[in-house]
Amino acid sequence: MPKLKAVLFDLDGTLIDSEYFHFECWNEILKTFSYEMTYADWLKGYAGFPLPVNSKNIKERYQLDVPLQELMTWRERMSMTGLETRTINLMPYAMETLTFFKEEGLKLGLVTASPQFEVDLIFKRNNLADFFDVMVTRSDVVNSKPDPEGYNLCVSKLGVEKEECIAFEDTINGLRAAKAAGLICYAIQQDETQHEKLSVADSIFLDLEEGRKKAHLSLML
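Quick summary incoming for the structure in this document.

## Some details on the overall build of the protein
Then, in step 1: Summing up its helical and strand segments, the protein has nine helices and six strands in all.
Then, in step 2: Its C-alpha atoms give the protein a radius of gyration of 17 Å, within 12% of the compact-globule value 17 Å for 221 residues.
Then, in step 3: Overall, the protein is about 55 × 35 × 30 Å in size when its C-alpha atoms are taken along their principal axes.
Then, in step 4: Residues classed as buried in the protein amount to 52% of the 221 residues present.
Then, in step 5: Within the protein, residue pairs in contact and separated by at least 24 positions form 66% of the contacts whose partners lie at least 6 positions apart.
Then, in step 6: Total accessible area on the protein stands at roughly 10,300 Å², and carbon and sulfur atoms take up 49% of it.

## Comments concerning the pairing of strand S2 (residues 107-111)
Then, in step 1: Where burial is concerned, most of S2 is hidden: four out of the five residues are buried.
Then, in step 2: Inspection of the sheet shows strand S1 (residues 6-9) paired to S2 by four bridges, in the parallel sense. Following the sheet pairing, Val7 is matched in S2 by Leu108.
Then, in step 3: Sheet topology note: the S2/strand S3 (residues 134-136) ladder contains three bridges and is parallel. The partner of Val111 across the bridge, within S3, is Val136.
Then, in step 4: Running through helix H6 (residues 116-126), the crossover from S2 to the neighbouring parallel element S3 is right-handed.

The rules behind the values
Residues numbered from 1 in each chain as written. Predicted model: local features only at pLDDT ≥ 70, side-chain atom pairs only at ≥ 80, totals over all residues. Heavy atoms only, no water. Helix = DSSP H or I, 4+ residues; strand = E, 2+ residues; numbered from the N terminus. Rg over C-alpha atoms; globule rule 2.2 N^0.38 Å. Buried < 20%, exposed > 50% of the residue type's maximum accessible area, 1.4 Å probe, protein only. Contact = heavy atoms within 4.5 Å. Areas by Shrake-Rupley, 256 points an atom, 1.4 Å probe, with all protein chains shown as cover. Pairing = 2+ DSSP bridges. Right-handed = clockwise from strand over helix to strand, strands pointing away.

Written out as structure tokens, the structure reads:
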């Protein structure tokens, strides 16, 4: 591949350890209807999907007697309250990876299925905003992941060629989006039981440090 000029990151599960937070929010809602899901259920069926998709699927699966838009608003309100009061931890080596690429002079992009208000709250508490040259959230696109629209928009705004980029994702939904956009994509997933379904990735690593080392080779071309 040509020399690396830009690195694009997913947010939830890739840079921040937020999947359990989202799982807990949905379980709080489900418990009001006397239902409950396991974390394994969340990771298998819902992690990496945008709120509109999960709201529709969860409403149908559990036959929730609540209008879809009301359910989405309820869930967004829980995120806003939770993210204002809780610190969501970074994934292992996230800060070191962002710092390394930034110091190497690369452009950094964020492509997330989370809405803008969630990203703003998370970045405010974790001091991540200054790392990114471009941020594309669910609020910026018509079609969220697995559609490639977000990645296509981010690459265009960064002003680089797709061949000069690497993306980092942690779920099959995000991987499909990045690959559909024509990007090299590394999967970062510490749960090895999920590696088989992530086989569309160009490489799979247990953490960002391993992925950074592989990407570093492209800087040396």
